[in-house]
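Close look at the chain arrangement
In case you want the letters, here they are:
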Amino acid sequence: MELTQDKPSDRLYIQAADDSSITIDGIRHTHCLHLTEIHVTEWPASSIDKINEESLAPIIASRPALLLIGTGREHRPLDPATTALLMQHGIGVEVMTTAAACRTYNLLAVDGRPVVAILLLR
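The structure presented is a predicted model; accordingly, all values stated were derived computationally and were not measured. In this convention, every chain numbers its residues from 1, walking through the sequence in written order. Only residues with pLDDT of at least 70 get local features here, since the model is predicted, and only at 80 or more are side-chain atom pairs given and counted; chain-wide, interface and lining totals rely on the full set of residues. Only hydrogens and water are removed before side-chain values are computed, so all heavy atoms of the structure are retained for them.

**Focus on helix H2 (residues 80-88)**
As a reminder of what qualifies: Summary of the burial criterion: residues with accessible area below 20% of their type's maximum are buried, those above 50% are exposed, and those between are partly exposed, where the area comes from a 1.4 Å probe applied to protein chains only. A run of DSSP states H or I qualifies as a helix once it reaches four residues; a run of E qualifies as a strand once it reaches two. Both are numbered from the N-terminal end. As used here, the arc is the angular range of directions from the helix axis to the C-beta atoms. Throughout, a contact is declared for two residues whenever any of their heavy atoms are within 4.5 Å.
Those residues of H2 lying buried are Thr-82, Leu-85 and Leu-86. Each buried residue of H2 lies within a common arc of 95° when the element is viewed along its axis, so the set occupies one face. For H2, the exposed residues lying more than 90 degrees away from the buried face are Pro-80, Ala-81, Met-87 and Gln-88. Buried residues along H2 sit against helix H1 (53-62), strand E6 (66-70) and strand E7 (92-96). A positive backbone phi angle near 75° is found at Gly-90, which sits one or two residues after H2.

**Comments concerning unusual backbone geometry**
Here Asp-25, not a glycine, exhibits a phi torsion of approximately 50°, which is positive. Mapped onto the elements of the fold, Asp-25 is located in the loop between strand E2 (22-24) and strand E3 (27-29). Positive phi is not limited to glycine here, since Arg-122 has a value of about 65°. In this fold, Arg-122 is placed in the segment after strand E8 (116-119).

**Here's the deal with the sheet that holds E3**
Rules: Between any two strands, pairing holds if DSSP finds at least two bridges. Simply put, an axis is a line fit to the C-alpha atoms, just over the touching stretch for a helix, and the angle between two N-to-C directions goes from 0 to 180 degrees.
As summarised here, the arrangement of the three strands in space is E1-E2-E3, forming an open sheet in which the pairing is antiparallel. Single-partner strands in this sheet number two, and they are strand E1 (14-17) and E3. Across the sheet, the mean angle separating the axes of adjacent strands is 20° when strand polarity is ignored. The pairing of E2 with E3 spans three bridges and is antiparallel. For Ile-24, the partnering residue across the bridge sits in E3 and is Ile-27.

**Some points on the environment of Gly-70**
Checked against the element boundaries, Gly-70 lands in strand E6. Counting along the chain gives 30 residues from Gly-70 to Val-40, while the straight-line C-alpha distance between them is 15 Å. When residues no more than four places from it in sequence are discounted, the contact partners of Gly-70 are Met-96, Thr-97, Thr-98, Ala-101, Ile-118, Leu-119 and Leu-120.

**A closer look at the sheet that holds E6**
Pairing in this open sheet of five strands is mixed, and the strands run E5-E4-E8-E6-E7 from one edge to the other. The outermost strands of the open sheet, each flanked by one partner alone, are strand E5 (40-42) and E7. The mean angle between the axes of side-by-side strands here comes to 15°, regardless of whether they run parallel or antiparallel. Where E6 lies against E7, five bridges are found, and the strand directions are parallel. Across the sheet, Leu-68 pairs through a bridge with Glu-94, a residue of E7. The strands that helix H3 (residues 98-110) touches are strand E4 (33-35), E6, E7 and E8; relative to E6, the one it contacts most, it runs at about 150°.

**Regarding the pairing of E6**
Put simply, the rule is: Classification remark: right-handed applies to a crossover when, strands pointing away from the viewer, the course from the first strand over the helix to the second runs clockwise.
Most of E6 is tucked away, with five of its five residues classed as buried. The two faces of E6 match: Leu-66, Leu-68 and Gly-70 on one face and Leu-67 and Ile-69 on the other face are all buried. With respect to chirality, the unit in which E6 leads through H2 into the neighbouring parallel E7 is right-handed. Sheet topology places E6 next to E8; four bridges connect them, and they run parallel. Bridge pairing in E8 links Leu-68 to Ala-117.

Distances and angles like these do not, on their own, reveal function.
What follows is the structure in structure tokens.
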């Protein structure tokens, strides 16, 4: 899926995504990602079942208003206890396919809204 929207100059932008890679600002990534407006890093958990309090510690510490989680090709729910943990810290969470998370991230970034994403592949 190629995404073609005006790129914000001060934020990272997802240009393309498929089951095996995500292209951000011209760099093709072939691993799961943690994406903020200005940083992209490898995400250690390869499935939604492995997202837990320990893996979320850096995100919780940064206190984003919204966390998007892309679950790969198919939508899979986040564990209710993990959702509750994020909510306790004032972090809203939206779980969707990775393609939908990429589109949503770009829409929010273009709009200048703060957003953080975990993007899982496959």
